[in-house]
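Residues per chain, in single letters:
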Amino acid sequence: MELSSRTLGILRNFGDINQNLLVDDPKELITVSETKTILAKATIDESLDQRFGLYQVNEFLSCLSVVEKPSLKFGKDRVTISDEAGISSIQYVYSNEENLTVPSVRSIPMPDPEVKFNLTVRDLAKLRKATGVFDYTNVIVSKINEVVTLSAVELSDDDVNVSKLVNGSAHRYDIAVGGDWNCGDDSVFVLDINNLKLIEGNYEVELSSKMISHFVNTESSIEYWIALQKQTVVEGV
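Please read all numbers here as calculations on a predicted model, not as lab measurements.

Some details on the sheet that holds strand β11 (residues 172-176)
Then, in step 1: Spatially, 4 strands are ordered β11-β10-β9-β13 in an open sheet, and the strand pairing comes out antiparallel. Either end of the sheet is taken by a strand with one partner, and the two such strands are β11 and β13 (189-192). Here the strands of the sheet are splayed against their neighbours by 25° on average, with no regard to which way each runs.
Then, in step 2: Note: strand β9 (residues 138-144) against strand β10 (residues 147-153), 6 bridges, orientation antiparallel. Note on β10: the bridge partner recorded for Ile-144 is Val-147.
Then, in step 3: Contacts from helix α3 (residues 121-134) reach β9, β10 and β11 within the one sheet, and its direction differs from that of β11 by about 175°.

Some points on empty space enclosed by the protein
Then, in step 1: Scanning all chains against the criterion turns up 2 cavities of 30 Å³ or more.
Then, in step 2: One number sums up the size of the largest cavity: a volume of about 70 Å³.
Then, in step 3: Forming the boundary of the largest cavity are Leu-3, Thr-7, Leu-11, Leu-21, Val-23, Leu-29, Leu-48, Phe-52, Leu-54, Phe-60 and Phe-74.
Then, in step 4: For the lining of the largest cavity, the secondary structure elements donating two or more residues are α1 (5-17), β1 (21-23) and β4 (52-54).
Then, in step 5: Residue composition of the lining of the largest cavity, grouped by class: 10 nonpolar, 1 polar and no charged.
Then, in step 6: By volume, the second largest cavity is sized at about 40 Å³.
Then, in step 7: Contributing to the lining of the second largest cavity are Phe-117, Leu-119, Leu-127, Val-139, Val-141, Leu-150, Leu-191, Leu-196 and Phe-215.
Then, in step 8: Sorting the residues of the lining of the second largest cavity by element identifies β8 (115-119) and β9 as the ones contributing at least two each.
Then, in step 9: Along the lines of polarity and charge, the residues of the lining of the second largest cavity split into 9 nonpolar, no polar and no charged.

Quick word on the nonpolar core
Then, in step 1: If you look at the biggest cluster of nonpolar residues, it comprises 59 residues, and the most contacted ones within it are Phe-60, Ile-81, Phe-117, Phe-215 and Tyr-224.
Then, in step 2: Apart from residues no more than four positions distant in its own chain, Phe-60 is found in contact with Leu-11, Leu-54, Leu-72, Val-79, Ile-81 and Tyr-92.
Then, in step 3: Core analysis: the next-biggest nonpolar cluster, separate from the first, contains 5 residues, Val-153, Leu-155, Val-188 and Val-190 among them.

What counts and what doesn't
- Residues numbered from 1 in each chain as written.
- Predicted model: local features only at pLDDT ≥ 70, side-chain atom pairs only at ≥ 80, totals over all residues.
- Heavy atoms only, no water.
- Pairing = 2+ DSSP bridges.
- Helix = DSSP H or I, 4+ residues; strand = E, 2+ residues; numbered from the N terminus.
- Axes fitted to C-alpha atoms, helices over the stretch in contact; angles between N-to-C directions.
- Contact = heavy atoms within 4.5 Å.
- 1 Å grid on protein atoms, 1.4 Å probe; cavity = no way out; pocket = protein on both sides within 12 Å on 5 of 7 lines; lining within 4 Å.
- Points joined across faces, edges and corners; volume = space filled by probe spheres on them.
- Nonpolar A, V, L, I, M, F, W, Y, C, P; charged D, E, K, R; others polar.
- Core = buried A, V, L, I, M, F, W, Y, C linked by side-chain atoms within 4.5 Å.
- Buried < 20%, exposed > 50% of the residue type's maximum accessible area, 1.4 Å probe, protein only.

So this is what it looks like as structure tokens:
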């Protein structure tokens, strides 16, 4: 079996979320961050019928680069990674499942969201760049000038409404994305940029006052549930 470039990309992305991975469904991969703030699920092209665990996803991916045009044969306790000519191979032993941090659920029922918007790959790249320039970790979703807006801004514990956000003394980067807003105008939804470990693409995003967000890739069968930060304040619900 050869893994598609798409599946390899998903594995790399999931490795960024958590190096542990348990493959327990032939067509579906799921992972959860160590902090339990990110849950990710993806459908893959191949059918992985053998149940197995990886303790270091990145190490496994690195093994694939050691041999030319790797072909994988999944056994009961290990996978054999062979080159096209059959000259060289790697015996990669599975991890004991007891040693892995794995999700307790395969998805999270999303509450009715107060906010919906589309996040493009370009806008996400701009947000990441802005937070890097200013050394910020917060991404704020608020309603500014009647438009759903994403902001990279330094946020203190007493910054709990839009007026403080707009009139604050810190540098701020804003990008208007539009969308649906169904809560008080002073509501502020807060995400940690370090939790936005999204595979490249465009996303439909939902935010809920129940402190959860949902990112669904519009081009590929992959989705993320990401916890909102404690500074989130939702009014009028």
